[in-house]
Each structure stands twice: as structure tokens, then as C-alpha cells.
Amino acid sequence: MISSIFPSKNFFCLNKLSVCSDSFHLNTSLFYNEYSVILTFLFIATILSVIIILFSYILAVQNPETEKLSTYECGFEPYEDARHTFDVKFYLVAILFIVFDIETMFLIPWTNVLGQLDLVGFWSMIDFMFELSIGYVYIYCIGALDIH
């Protein structure tokens, strides 16, 4: 394996017009050793997914009815059009969830390496939590988290 990475003794050509045959062999051996497994896996995965999708269409019983094709809304008949306006507060809560989820993603690794950090790493995370706390207080004060 390591011998295929390093060039052989005939790899470096003394004459600039001559063609080095070992350089092509070196590149192809790296390709076959490293990437052939990945390409084989991708090829088999693609073939299997196409076969599974084809078999699902061939073997499944297609029996469309009006009841099956109607929209389903929690067991009730839909009484309004689905394209009505949606309250923006739901989007705001989703965005706030993402922001505080990202804060958790930064906070957990920081607690694992807290003993190994210098003062800059410690106070930069304290500053990050302080700024997020200011944002949380602002969101609470303007009433963005009120459901009503």
C-alpha cells in the first residue's frame, strides 16, 4: 500500500522528451486502491434503489378511489382552503428554536474542553452566552414567545 504511494526508481525521467510509464501506473494504482471501493458502493446502491422503486410500482396494487385521493386532515373533512395565510409567530418560534439549538451545539463541546481552554476561549464563550441572553430578554419583552 505504501509502495504504491511513493514513486518507483524509474518514475523520474532524465530526458524531458521521454514518456514515464510508471507515472500512469502510480495514478491508476491509487485510483483502484482508494476510490474503487467507493465507486463500487455507489454503483450497487444506485442499482438497488432503482430495482426497489421499480418493484414497488410493479408489485403494489394501484387502486385509486375518491376517498383515497381526497385530502386528509386529522380524520375530519377539510372545511377551508389549504392556501390561507399562516401566522408568522409559528415561523418565529421555529427560528428561535434553531438559534437556541445552535447555542447548545456550541455549549456542549465547550463544557468538555473547559479545563484545557485559555482565558480567550473561556471569555469568548461567556460573551456568546451573554449576547444570546440579551436576545432572549429582548424576545421575551416584545412578546414574541406569547402563544395568544
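Every value quoted in this text rests on a predicted model; they were computed, and no experiment measured them.

1. A closer look at the packing of aromatic side chains
And step 1. Overall, the coordinates contain 4 aromatic pairs when judged by the stated rule.
And step 2. On the basis of an interplanar angle of 85 degrees and a centroid distance of 5.8 Å, the ring pair of Phe 100 and Tyr 136 is categorised as edge-to-face. With Phe 100 in helix 4 (residues 88–112) and Tyr 136 in helix 5 (residues 119–142), the pair connects residues that are 36 residues apart, well separated along the chain.
And step 3. Classification of Phe 100 as partly exposed rests on a relative accessible area of 25%.
And step 4. With a centroid separation of 5.0 Å and an interplanar angle of 80 degrees, the aromatic rings of Phe 122 and Trp 123 are classed as edge-to-face.
And step 5. With relative accessibility at 28%, the residue Phe 122 sits in the partly exposed group.

2. A word on the UniProt feature "transmembrane region" (unreviewed entry) in the protein chain
And step 1. Cross-referencing UniProt, the feature "transmembrane region" (unreviewed entry) maps to residues 35–60, 90–110 and 122–145 in the present numbering.
And step 2. As annotated, residues 90–110 has a helix share of 100% and a strand share of 0%, and its two end C-alpha atoms lie 31 Å apart.
And step 3. For residues 122–145, the helix share is 88%, the strand share is 0%, and the end-to-end C-alpha distance is 30 Å.

3. Observations regarding the environment of Leu 117
And step 1. Looking at the secondary structure, you find Leu 117 in the loop between helix 4 and helix 5.
And step 2. In contact with Leu 117, not counting residues within four places along its chain, are Trp 110 and Phe 122.

4. Quick look at the side chain of Glu 103
And step 1. Here Glu 103 shows up in helix 4.
And step 2. In this structure, Glu 103 is in contact with Phe 128, Met 129 and Leu 132, ignoring residues within four places of it in sequence.

How each quantity is defined
- Residues numbered from 1 in each chain as written.
- Predicted model: local features only at pLDDT ≥ 70, side-chain atom pairs only at ≥ 80, totals over all residues.
- Heavy atoms only, no water.
- Phe/Tyr/Trp six-rings, centres within 6.5 Å; stacked < 30°, edge-to-face > 60°.
- Helix = DSSP H or I, 4+ residues; strand = E, 2+ residues; numbered from the N terminus.
- Buried < 20%, exposed > 50% of the residue type's maximum accessible area, 1.4 Å probe, protein only.
- UniProt positions renumbered as here; feature names shortened; annotations may be inferred.
- Contact = heavy atoms within 4.5 Å.

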